[in-house]
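Remarks on the overall topology
Below are the chains, spelled out letter by letter.
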Amino acid sequence: MHYRTHHCGELRLADAGKEVKLSGWVQISRDFGGLTFVDLRDRYGITQLVFNMDDNEALCEQARGLGREFVISVEGIVRERSNKNPNRDTGDVEIDVRVLSILNASEVPPFTIEEESDGGDDLRMKYRYLDMRRDPVKEKILFRSQLAFETRRYLIDQAFVEVETPVLIKSTPEGARDFVVPSRMNQGQFYALPQSPQTFKQILMIAGFDRYFQIVKCFRDEDLRADRQPEFTQIDCEMSFVSREDVLQTFEGLTKHLFQKLIGIELPAFPRMSYDEAIHHYGSDKPDLRFGMMIRDLSSMARGHGFNVFDQAEIVAGIVAAGQAAAYSNKDINKLTDWVKRPQIGAKGLVYVKYNEDQTFKSSIGKFYDDAVLKSWCEAIGAVPGDLVLVLSGEKDKTLKQLGELRLEMGRRMELMDPNDFKPLWVLDFPLLEWDEEAERFHAMHHPFTAPKEHDIDRMLSGDHETMKSLRADAYDLVLNGAEIAGGSIRIHDRSLQEKNFDLLGFTPEEAREQFGFLMGAFEYGAPPHGGIAFGFDRLCALMKGSQSIRDFIAFPKNNTGRDVMIDAPAMVSKEQLDELGLALKKAD
Ligand code: ASP
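Calculation criteria
- Residues numbered from 1 in each chain as written.
- Predicted model: local features only at pLDDT ≥ 70, side-chain atom pairs only at ≥ 80, totals over all residues.
- Heavy atoms only, no water.
- Helix = DSSP H or I, 4+ residues; strand = E, 2+ residues; numbered from the N terminus.
- Buried < 20%, exposed > 50% of the residue type's maximum accessible area, 1.4 Å probe, protein only.
- Areas by Shrake-Rupley, 256 points an atom, 1.4 Å probe, with all protein chains shown as cover.
- Lys, Arg positive; Asp, Glu negative; His and termini not counted.
- Charge placed at Lys NZ, Arg CZ, Asp CG, Glu CD.
- Pairing = 2+ DSSP bridges.
- Near = heavy atom within 4 Å.
- Polar contact = N/O pair within 3.5 Å; in protein donor to acceptor, adjacent residues only side chain to side chain.
- Axes fitted to C-alpha atoms, helices over the stretch in contact; angles between N-to-C directions.
- Core = buried A, V, L, I, M, F, W, Y, C linked by side-chain atoms within 4.5 Å.
- Contact = heavy atoms within 4.5 Å.
- Phe/Tyr/Trp six-rings, centres within 6.5 Å; stacked < 30°, edge-to-face > 60°.
- Lys NZ or Arg CZ within 6 Å of the ring centre and 35° of its normal.
- Parallel < 35°, antiparallel > 145°, perpendicular 65-115°, else oblique.
- Left-handed = near helix turned anticlockwise from the far one by under 90°.
- Nonpolar A, V, L, I, M, F, W, Y, C, P; charged D, E, K, R; others polar.
- Salt bridge = Lys/Arg side-chain N within 4 Å of Asp/Glu carboxyl O.

1. What about the overall build of the protein?
Broken down by element type, the protein carries 18 helices and 22 strands. Taken across its 589 residues, the protein has 48% of its residues classed as buried. Here the protein has roughly 29,200 Å² of accessible surface; of this, 49% comes from carbon and sulfur atoms. Looking at the protein, you have 74 positive and 96 negative side-chain charges, and the mean spots of the two groups are 2 Å apart.

Now the structure itself:
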């Protein structure tokens, strides 16, 4: 059987008079007595069908029996519509149907398959195949395919080679928790699913492939925060004989290419900011540059006026909410204070200074600081009449982070975060190591294969504990609108430096050898200098389309509790399977 001559998004006025055959799903059917109209949908669009009682009564009766989502095939003549629909590409024509075949009936769908659905999240996920028939979801999946295609085109043009790395690998303690897979043939032993192909891509550089990429699934068994998926996709890349500059140029190029090709946006050169600058000015290592509202240090001006809280604080710093002085009543300020005191933010309190339009000042600490002092603060921080200054104080790292959160909250409230405005930047020179107070050990801020900045190597070898905290890594993040969309680093390619790094991270030489001996062994056979990066592909899709959620860009996502509600996974396995794997629970004797 020949199902179609055209698809449902294709016919135009110029096709009028043609005999055509179309196949698709019944979106909706409207019965006007003498005439029955059916909207026929496929991936490409919707075409109106018309069945005329006067021409063929039996056919019209057949059409009346069509329900939503029936799969049908029709033959007929393309006619100009008298009542045109300018909102549809095919809106000038309809098909005067002569033959109708029902290819498959459909149950009444559990939610409406239209632009806006009345289905709740779980229902839509359970019937994901119906959800994906809806334009907004379908378009996101098509966008993703196009983004993957343009990624491949750009990278292959730049001599990158796509190599698949294994999914069954070995568990490593660094980073997030691994998903593990029991081995039947090696009972008691487990594979792990890769959190990233990091070591494999480095080995590919040692193997001489020079430029590698892969659009690859990665797995992290973390507690699910909103909009995290246990399996996600990276554009994973590695290059040999490169400096940081080469990597940044290449992937700034890729990002620009994707924005230009997919959404027609020409991004300007990406600004660069050191990690320290980002923390000091934005209270975050992924600053959202769609708006200013930079953090300013007021410490020296705040001290010595008898206000104990500020006198004892390591830092006093603030932001300016432009034009908000009048908008914030005492009650609003109290609410905002409660907001910063929530455990997620953790501030002890909030100080405000209103620089009123009439050039008077109102402040929660007016008792300690007269108007002249408040004015000098406002001038120092760049506030003008009408502005609201918000000030936090305390321990430096925490206060800057809290101010960063407050800045974002004010940005949200003031609607300064247009999802269609794109402000990428590189954040550079991350710390190499992060001290974990609780575990009393260092963690790698990026991962243990990241090289220190060249001028820090000697200091790294010194082994002095305090020095370690100030070491900088040759690591970089690509940040877009407050989200990290890519991260990478120049790698260590020297065995002894890698051993030193494992040592700093608290590995014994035996542990390091057991877990990463293969890589360190490979370093001894001519490892070239190399570096790379990985993009979060799902997030990149969502950001480019101005969407908050990555879920709709994934054909079959997991829900917030890590379940696939369509196939109902995870699920129990049979006792036989457990026996075969040597995992059957043994009864206590
Ligand atoms: N493998 C790293 C990650 O997944 C990225 C990189 O360093 O290339 O974060």
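2. Concerning the pairing of strand β21 (residues 483-490)
Extensive coverage of β21 is indicated by the burial of seven of its eight residues. Pairing of strand β20 (residues 475-480) with β21 involves six bridges; the strand directions are antiparallel. When the bridges of β21 are listed, Y476 appears paired with G488. In this structure, β21 lies alongside strand β22 (residues 530-536), joined through five bridges in antiparallel fashion. Opposite G488, over in β22, you have I533 as the bridge partner.

3. Some details on the site of the ligand
Taken together, 13 residues surround the ligand, and among them Q198, K201, H446, H447 and R491 come closest. Residue K201 places a side-chain N or O atom 2.6 Å away from an oxygen atom belonging to the ligand. For the ligand, an oxygen atom lies 3.2 Å from a polar atom in the side chain of R220. Alone, the ligand offers 270 Å² of accessible surface; in the complex the protein occludes 89% of this. Listing elements by their share of the shell around the ligand, those giving two or more residues are α5 (198-206), β21 and β22.

4. Some remarks on the sheet that holds strand β3 (residues 45-52)
Across a sheet, strands are paired by hydrogen bonds formed along the backbone, either parallel or antiparallel in direction. Overall, mixed pairing links the five strands, which are arranged β1-β2-β3-β5-β4 in a closed barrel. Ignoring strand direction, the axes of neighbouring strands in this sheet form an average angle of 55 degrees. Sheet topology places strand β2 (residues 35-42) next to β3; eight bridges connect them, and they run antiparallel. Opposite T36, over in β3, you have F51 as the bridge partner.

5. Let's talk about the nonpolar core
One finds F251, L406, M410 and F535 to be the most contacted residues of the largest nonpolar core, which totals 102 residues. Those residues within four positions of F251 in sequence are excluded, and the remaining contacts are L155, F160, C237, M239, W426, I533 and F535. In terms of nonpolar packing, the next biggest core, distinct from the first, is built from 22 residues, V20, L59, L66 and V93 among them.

6. Looking at the pairing of strand β19 (residues 441-444)
By the alternation rule, side chains of β19 split into F442 and A444, which are all buried, and R441 and H443, of which none is buried. Across four bridges, strand β18 (residues 433-436) lies against β19 in antiparallel orientation. Counterpart to D436 in the pairing with β19 is R441. In this antiparallel pair of consecutive strands, β18 and β19, the connection spans four residues, and E440 shows a positive phi of 50 degrees.

7. Regarding the sheet that holds β20
Taking strand neighbours across the sheet as the criterion, the eight strands line up as β6-β9-β10-β22-β21-β20-β17-β11 in an open arrangement whose pairing is mixed. Both outer strands of the open sheet, β6 (161-162) and β11 (272-274), are each paired with one neighbouring strand and no more. Here two bridges tie β6 to strand β9 (residues 211-219), and the two strands are oriented parallel to one another. Residue pairing for β9: E162 is matched across the bridge by F213. In this fold helix α7 (residues 275-282) packs onto β11 and β17 (424-428), with an angle of close to 85 degrees to the strand it touches most, β11.

8. Some points on the packing of aromatic side chains
The tally for this structure, following the rule as stated, stands at 22 aromatic pairs. For the pair F449 and F516, a centre-to-centre distance of 5.2 Å together with 80 degrees between the ring planes defines the contact as edge-to-face. Of this pair, F449 sits in the loop between β19 and α13 (457-462) while F516 sits in helix α16 (residues 509-523); the two residues are 67 residues apart in sequence, bridging distant segments of the chain. Residue F449 is classed as buried on the basis of its relative accessible area, which comes to 5%. With relative accessibility at 3%, the residue F516 sits in the buried group. An aromatic cluster is present here, built from F307, F310, F368, Y369 and W377 joined pairwise through their rings. Residue placement shows R407 over the ring face of F291; its charged tip is 4.1 Å from the ring centre.

9. Looking at helix α15 (residues 495-504)
Of all the residues in α15, the buried ones are L497, Q498, K500, N501, F502 and L504. Residues of α15 that are buried in the fold lie against β18, β19, α13, α14 (465-470) and α16. Directly after α15, the chain includes G506, whose backbone phi takes a positive value near 90 degrees.

10. Overview of unusual backbone geometry
Keep in mind that most residues, glycine aside, have a negative phi and that most peptide bonds are trans. The step from A569 to P570 runs through a cis peptide bond, and the omega angle for that step is 0 degrees. Here P570 shows up in the loop between α17 (537-544) and α18 (575-581).

11. Notes on the packing of α15 against α16
In the contact formed by α15 and α16, the axes pass within 10 Å of each other and the chain directions differ by 160 degrees. Here α15 lies roughly antiparallel to α16, going by the angle between them. Taken as a pair, α15 and α16 cross one another with a handedness that is right-handed. From α15, R495, Q498, E499 and F502 reach across to α16, where they touch A512, F516, M520, G521 and F523. When the residues that make up the contact of α15 with α16 are grouped by side-chain class, the tally is five nonpolar, two polar and two charged.

12. Regarding the side chain of Q198
Relative to the helices and strands, Q198 is located in helix α5. Overall, the relative accessible area of 8% leaves Q198 in the buried class. For Q198, the contacting residues outside a window of four places in its chain are H447, F449 and R491.

13. A closer look at the pattern of salt bridges
A full pass over the atoms with the stated rule returns 51 salt bridges. Here D121 ties to R551 by a salt bridge, and the two come within 3.5 Å at their closest N and O atoms. Of this pair, D121 sits in helix α2 (residues 121-126) while R551 sits in the loop between α17 and α18; the two residues are 430 residues apart in sequence, bridging distant segments of the chain. R551 sits in the buried class, given a relative accessible area of 12%. Note that R412 and E409 form a salt bridge whose closest N and O atoms lie 3.4 Å from each other. Linking R412 with E409, this pair stays in helix α12 (residues 396-413), spanning three residues, or about one helical turn. Three or more residues joined by partner-sharing salt bridges are found here, namely D121, R124, R128, D131, R134, K140, R551 and D552.

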